[in-house]
Amino acid sequence: LAKTTQPISMDSYEGQEVNITCSHNNIATNDYITWYQQFPSQGPRFIIQGYKTKVTNEVASLFIPADRKSSTLSLPRVSLSDTAVYYCLVGSGPTGANNLFFGTGTRLTVIP
Amino acid sequence: GAGVSQSPRYKVAKRGQDVALRCDPISGHVSLFWYQQALGQGPEFLTYFQNEAQLDKSGLPSDRFFAERPEGSVSTLKIQRTQQEDSAVYLCASSLGTGWGQPQHFGDGTRLSIL
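Counting restarts for each chain, with residues numbered from 1 along the sequence as it is written. The lettering of chains begins at A and the numbering of ligands begins at 1, in the order of writing. At least 70 in pLDDT is required for a residue's local features to be given in this predicted model, at least 80 for side-chain atom pairs to be given and counted, and no such filter applies to totals for whole chains, interfaces and linings, which use all residues. As a convention, hydrogens and water are excluded, and side-chain values are obtained from all of the structure's heavy atoms.

> In this structure, what is going on with the interface of chain B and chain A? I would like to understand it.
Many authors give the size of an interface as the accessible area that is lost as the parts come together. Contacts: residue pairs with any heavy atoms within 4.5 Å of one another. Listed as interface residues are 20 residues of chain B and, on the opposing side, 26 residues of chain A. By convention in these notes, a salt bridge is any Lys or Arg side-chain nitrogen within 4 Å of a carboxyl oxygen on Asp or Glu. Seen at the junction of chain B and chain A, the total is zero salt bridges. In protein, a polar contact requires one atom able to donate a hydrogen and another able to accept it; more generally it is a pair of N or O atoms within 3.5 Å, and residues adjacent in sequence count only if both atoms are side-chain atoms. At the junction of chain B with chain A, the criterion picks out six residue pairs in polar contact (both at pLDDT 80 or more). A helix here means a DSSP run of H or I that spans at least four residues, while a strand means a run of E at least two residues long, and both kinds are numbered starting from the N terminus. Looking at the side of chain B that touches chain A, the element that brings in the most residues is strand β4 (residues 31–37) of chain B, giving three residues. Each residue belonging to the side of chain B that touches chain A can be placed in one class, and the counts come to nine nonpolar, eight polar and three charged. Amino acid classes used here: Ala, Val, Leu, Ile, Met, Phe, Trp, Tyr, Cys and Pro are nonpolar; Asp, Glu, Lys and Arg are charged; the rest, including Gly, are polar.

> Just to check I follow, could you spell out the packing of aromatic side chains for this structure?
Geometrically, a pair of aromatic rings is defined through the distance of the ring centres and the angle of the planes. Working definition: a ring pair exists when centres of Phe, Tyr or Trp rings (six-membered ring for Trp) sit within 6.5 Å. Plane angles under 30 degrees give stacked, over 60 give edge-to-face, the rest tilted. In this structure the tally under the stated criterion is twelve aromatic pairs over all chains. Centroid distance F102(A) to F106(B): 6.1 Å. Interplanar angle 85 degrees. Geometry classified as edge-to-face. Remark: F106(B) occurs in strand β10 (residues 105–106) and F102(A) occurs in the loop between β8 (84–91) and β9 (106–111); the pair is interchain, linking two chains. Through pairs of rings, three or more aromatic residues link up here, namely Y36(A), F46(A), Y87(A), F102(A), F33(B), Y35(B), F45(B), Y48(B) and F106(B). Sitting over the face of the ring of Y51(A), R68(A) holds its NZ or CZ atom 4.0 Å from the ring centroid. Charge-over-ring contacts are defined here by two conditions on Lys NZ or Arg CZ: a distance within 6 Å of the ring centre and an angle within 35 degrees of the ring normal. Taking the ring centre of Y10(B) as reference, the NZ or CZ of R9(B) above it sits at 5.7 Å.

> Looking at this structure, I do not really get the sheet that holds strand β7 (residues 65–68) of chain B. What am I missing?
All names here are of chain B. Within the open sheet, the four strands sit side by side as β1-β3-β8-β7. Their pairing is antiparallel. In this open sheet, the two edge strands, each paired with only one partner strand, are β1 (5–7) and β7. Averaged over neighbouring strand pairs, the angle between their axes works out to 15 degrees when direction is ignored. Two strands pair under a simple rule: DSSP has to find at least two bridges between them. Of the pairings in the sheet, the one linking β7 to strand β8 (residues 75–79) comprises four bridges and is antiparallel in character. Only C-alpha atoms enter the line fits that serve as axes; for helices the fit covers just the stretch in contact. Angles between N-to-C directions range over 0 to 180 degrees.

> In this structure, what is going on with the pattern of salt bridges? I would like to understand it.
Opposite charge on two side chains allows them to pair when their charged atoms are near. All names here are of chain B. The full count for this structure, using the stated rule, is four salt bridges over all chains. Note that K78 and E68 form a salt bridge whose closest N and O atoms lie 3.4 Å from each other. Of the two residues, K78 sits in strand β8 while E68 sits in strand β7, which places them ten residues apart along the sequence. Note on exposure labels: buried denotes an accessible area under 20% of the residue type's maximum, exposed denotes more than 50%, and partly exposed covers the range between, all computed with a 1.4 Å probe on protein chains only. Overall, the relative accessible area of 32% leaves K78 in the partly exposed class.

> Mind showing me how you'd approach the sheet that holds strand β6 (residues 61–64) of chain A here?
Hydrogen bonding along the main chain pairs the strands of a sheet, whether they run parallel or antiparallel. Residues and elements named next belong to chain A. Taking strand neighbours across the sheet as the criterion, the four strands line up as β2-β7-β6-β5 in an open arrangement whose pairing is antiparallel. Each end of this open sheet is capped by a strand with a single partner; those strands are β2 (18–23) and β5 (53–56). Pairs of neighbouring strands in the sheet enclose a mean axial angle of 15 degrees, with direction left out of account. Bridge analysis of β5 against β6 gives four bridges, and the strand direction is antiparallel.

> In this structure, what is going on with the side chain of S61(A)? I would like to understand it.
Residue and element names in this part refer to chain A. In this structure, S61 sits in strand β6. S61 gets classed as buried once you look at its relative accessible area, which sits at 13%. For S61, the side chain forms a polar contact with the side chain of T56, separated by 3.1 Å. Excluding residues within four positions of it along the chain, S61 makes contact with I48, K54, V55, T56, T72, L73 and S74.

Structure, rendered in structure tokens:
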């Protein structure tokens, strides 16, 4: 049973804010939420991580509602270089296929 | 500073051959992970090392897959008697600590093609 569900793809115009939502209905108390970005022919790159409420860094914000059953990655003013696949992970243990489940991710295409 | 380095970047082998894929993690990183990524799919966990100890190999698809990290730094993923379904990108990642909150730093992978 997949731990997370994301939209398969999204399109956005340059300069817009993009919000990608991840559903994780069975999130456990100790679980954290982590997002990675992957460009073609490259390994994934860590974007942001959070446990509850809101986390912001220089590239993105992560919004987590009180029930933690979903989370939203927000990318402000996207550019063409933000075209990539975005993965949401949920887990707390150090390892294991269940805790390191990437799924198929969300393919974001930024349009000029 | 240097990131995670994987070699070779591309490997072509005939079915039945053995292959070895190398990963040089970031210096000082305790945790090391191997993933397999099929075309159009996300990475799938294979195995995890904490220093030289292989603590989790639950994702290895068969006993033809073997990984080692003998001195707690460089790691090698070996695939014996390769089959066509082994064709994929193999990704290595390392993290500084052992907690789940530590972000993983990925290499760019080795693309393995089995003919």
